[in-house]
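# Inside the fold
One letter stands for each residue in the lines below.
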Amino acid sequence: MATYSGTAAEILRQVRASRPVVHNITNYVVMNSTANVLLAMGASPIMAHAPEEVAEVVGLANSVVINIGTLSKSWIESMVLGSRVCHIAGKPFVLDPVGAGATKLRTRTATQIIEAATPTVIRGNASEIMALSPEGGITRGVDAVHHVDDACDAAHSIARALGTVVAVTGERDVVTDGNRSLVITGGHALLGYVTGTGCAASVVVGAFISQGSDPVEGTAAALAFFGLAGEWAAREADAPGSFWVKMLDALYAISPQDLESQARIQEA
Amino acid sequence: MATYSGTAAEILRQVRASRPVVHNITNYVVMNSTANVLLAMGASPIMAHAPEEVAEVVGLANSVVINIGTLSKSWIESMVLGSRVCHIAGKPFVLDPVGAGATKLRTRTATQIIEAATPTVIRGNASEIMALSPEGGITRGVDAVHHVDDACDAAHSIARALGTVVAVTGERDVVTDGNRSLVITGGHALLGYVTGTGCAASVVVGAFISQGSDPVEGTAAALAFFGLAGEWAAREADAPGSFWVKMLDALYAISPQDLESQARIQEA
Amino acid sequence: MATYSGTAAEILRQVRASRPVVHNITNYVVMNSTANVLLAMGASPIMAHAPEEVAEVVGLANSVVINIGTLSKSWIESMVLGSRVCHIAGKPFVLDPVGAGATKLRTRTATQIIEAATPTVIRGNASEIMALSPEGGITRGVDAVHHVDDACDAAHSIARALGTVVAVTGERDVVTDGNRSLVITGGHALLGYVTGTGCAASVVVGAFISQGSDPVEGTAAALAFFGLAGEWAAREADAPGSFWVKMLDALYAISPQDLESQARIQEA
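Residues numbered from 1 in each chain as written. Chains lettered and ligands numbered in written order. Predicted model: local features only at pLDDT ≥ 70, side-chain atom pairs only at ≥ 80, totals over all residues. Heavy atoms only, no water.

## Things to note about the relation of the copies chain A and chain B
Screw-axis analysis of chain A against chain B gives a translation of 0.0 Å along the axis, an RMSD of 0.0 Å, and a rotation angle of 120°. Read as a symmetry element, the transformation amounts to a three-fold axis. Among all C-alpha atoms of chain A, that of Tyr28(A) lies closest to the rotation axis, at 3.8 Å. Of all interface residues in chain A, a mere 7% are interface residues in chain B too; the two copies therefore contact each other through different surfaces. (Least-squares fit on C-alpha atoms with pLDDT ≥ 70 in both. Contact = heavy atoms within 4.5 Å.)

Here's what the structure looks like:
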């Protein structure tokens, strides 16, 4: 455990020092809040979706996050293009399959993006990850109706089939490449009362995996950092409005040393 | 009055217990803030506008909110489609005609949505409601230039003509089905210094009318709850940034008992 | 210096008294936050981009802000149209060339908007302004990689060539029409950890130049006001989430008298 939290601290130190550019092709709901998450933690967000500039922006970026939370035809084209360009440019990218399983369009879009190029990391809630497995699942809206434990088999099989890292987040988080699995505990129930906290976790993963570490450990480190920020925030706020403000404050304030001593990452 | 506030408390209790899915086809400005309003109060928002998934998302939802705050051609098509699908699926829906009267496009779009299917509730400020009446009106931007009292006749005539519930919100709120009218007092002047507070009131109405109560009473209950949150927030904040944070906190913290004892709903 | 801060105070007084309508054709990331900035300071925002209503909305507005932060084909058309309509209607308008220099699309779009009609004010960070000068520059993402001093020559040459006012903001702000230059000090480093603070400065400029003052002085006044709000906020918050909340509070709370005594505007 010392190793994993030491790695987490080291990645946070690198992010703060290098201020990686994280390119987001993301949904309208969280554009502001995830940009603020990236800035608060020490990264540099750019939101851009025009097909005409996707290749150039990916070229500038240290990592990319593709999030399907609000879709329309032209956006889907940009996301699929973004996936392809990441592959060609060799940039790490995170797919957040928001609401996969809730509608055919979302499940199909997530699949198209994955077929265009395998994401470095796929992060979703239990229902979303189950929807992407061959066995499928049922999602109710964009909030999970399954527990993390329900989705572990799906996560393993997707990770193995695609050769990617899958992260299932919820009451605890599981990160797996199909062989090795890490479990992260932390976070707080108030995260469920603020929009886009899953999307926010994804952009933190995006920032962390830009630093070239092993993606299982990098993803686990990111989720431990995000969960810790939730815990810090919950010590200062007992309702969702104040909680989110304090969450941004914590993402800024948590030092690598804090993360090393307080991250809770263990082998599954 | 005990009856109305008792009903309000009961609906809030049901919302908290059942966590209704509220589907929003809404404007870019308030997507984040209204999702946060719904989550804070105990509902589950989904934002989706692609024509390809509107029918499925309406099918998942317990109610729908259509808000015309930022328009373009493809969005108007989705909104009109959403209206029709709500009718077919028998889902209650709220229309928020943001800026009706300010431009022909907005007045025409609101009319098209209404013609596609009669909304369960239309909620607007005085200028917007007057713009939808056959007599018309003048809106200056998206902020009201008329007082609630100016719009009562328009509200009654629209409600009677369409067989719907009309809510005019402002320094006090009036809810009418053309026969019966309820008046809600509360709220706070700082609501006028935060964007999308009218839109936020509309999504709270959406959550409340998902519970199957009489829509006049359900709408009045929602507006009393929202106004009370404004009053609670204003006790802890004296400027708009802090006020909105405390508003979200209050939407989370107000209990059914608080609402029963503090809601101010009366017959007109 | 008394003169400039006196002018600033007078413009703020006029804004608060007349509540100017500021029309924004802007990016998805900052639609909510810049609407809140305008409301908090006492103006009335409207966000609208449909080509069908641009002329009507410009007609209602006292000033217009065009911001290219998130582009797509149809939005670019609206922005170019907006620029033309401002010219025809004689409305002051601000161009915020977000990310100019980072991609060809952004540089070209900013150029197209300028060619459609000369903006009253162009406000950008050092990298963006340098990208618009004939000499060009390099931008890394949307955050500046150059210092304000690097961009002064570019600002002068653009201002002279176009007959416009150029504002370069950063660790200090420079406003010039190519002949006369004003320098504004203030602000706070935490502004760099919140998304859209440059965009927010642009909408404050939009509100200030709606009052008909000399645009160099009006722009300097707006930036002094915005920077002062940053300083006030930083006295009450030491991390980005809380800082932005206090920033909105300060934009609401700073009186014309406060601005007169605390603005720091001087000739270059």
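## Topic: the pattern of salt bridges
Between side chains of opposite charge, a pair can form when the charged atoms approach closely. Residues and elements named next belong to chain A. With the rule as written, the count across this model stands at 30 salt bridges over all chains. Of the charged contacts, one joins glutamate 10 and arginine 13 as a salt bridge, the two residues approaching to 2.9 Å between their closest N and O atoms. Of this pair, glutamate 10 and arginine 13 both sit in helix α1 (residues 2–18), three residues apart, roughly one helical turn. Classification of glutamate 10 as partly exposed rests on a relative accessible area of 33%. You can call arginine 13 partly exposed: its relative accessible area is 37%. It is possible to trace a salt-bridge network through shared partners that takes in Arg180, Asp214 and Glu217. (Salt bridge = Lys/Arg side-chain N within 4 Å of Asp/Glu carboxyl O. Helix = DSSP H or I, 4+ residues; strand = E, 2+ residues; numbered from the N terminus. Buried < 20%, exposed > 50% of the residue type's maximum accessible area, 1.4 Å probe, protein only.)

## Brief notes about the interface of chain A and chain B
Bring the parts together and some accessible area is lost; that lost area is often taken as the interface size. Listed as interface residues are 30 residues of chain A and, on the opposing side, 29 residues of chain B. In total, chain A and chain B occlude about 2400 Å² of area from one another, counting both sides; carbon and sulfur atoms represent 58% of this. Scanning the region where chain A abuts chain B turns up two salt bridges. Glu53(B) serves as the salt-bridge partner of Arg106(A), at 2.8 Å between the closest nitrogen and oxygen. Here chain A is connected to chain B by nine residue pairs in polar contact (both at pLDDT 80 or more). Elements supplying a minimum of two residues to the side of chain A that touches chain B: α5 (104–116) and α10 (240–253) of chain A. The greatest single-element share of the side of chain A that touches chain B, amounting to four residues, is contributed by α10(A). Tallied by class, residues from the side of chain A that touches chain B come to 13 nonpolar, eleven polar and six charged. (Buried area = accessible area lost by both parts, 1.4 Å probe. Polar contact = N/O pair within 3.5 Å; in protein donor to acceptor, adjacent residues only side chain to side chain. Nonpolar A, V, L, I, M, F, W, Y, C, P; charged D, E, K, R; others polar.)

## Considering the interface of chain A and chain C
Across the contact, 29 residues belong to chain A and 30 residues belong to chain C. Buried area between chain A and chain C, both sides added, is near 2400 Å², and the carbon and sulfur share of it is 58%. Area buried by chain A at its contact with chain C is led by Glu53(A), Glu56(A) and Tyr252(A), which between them contribute 21% of it. Run the count over chain A and chain C and you get two salt bridges. The interface formed by chain A and chain C contains nine residue pairs in polar contact (both at pLDDT 80 or more). When contributions to the side of chain A that touches chain C are tallied by element, the ones reaching two or more residues are α2 (31–41), β2 (44–47), α3 (51–60) and α10 of chain A. Sorting elements by how many residues they give to the side of chain A that touches chain C places α2(A) first, with six residues.

Structural measurements only, silent on function.
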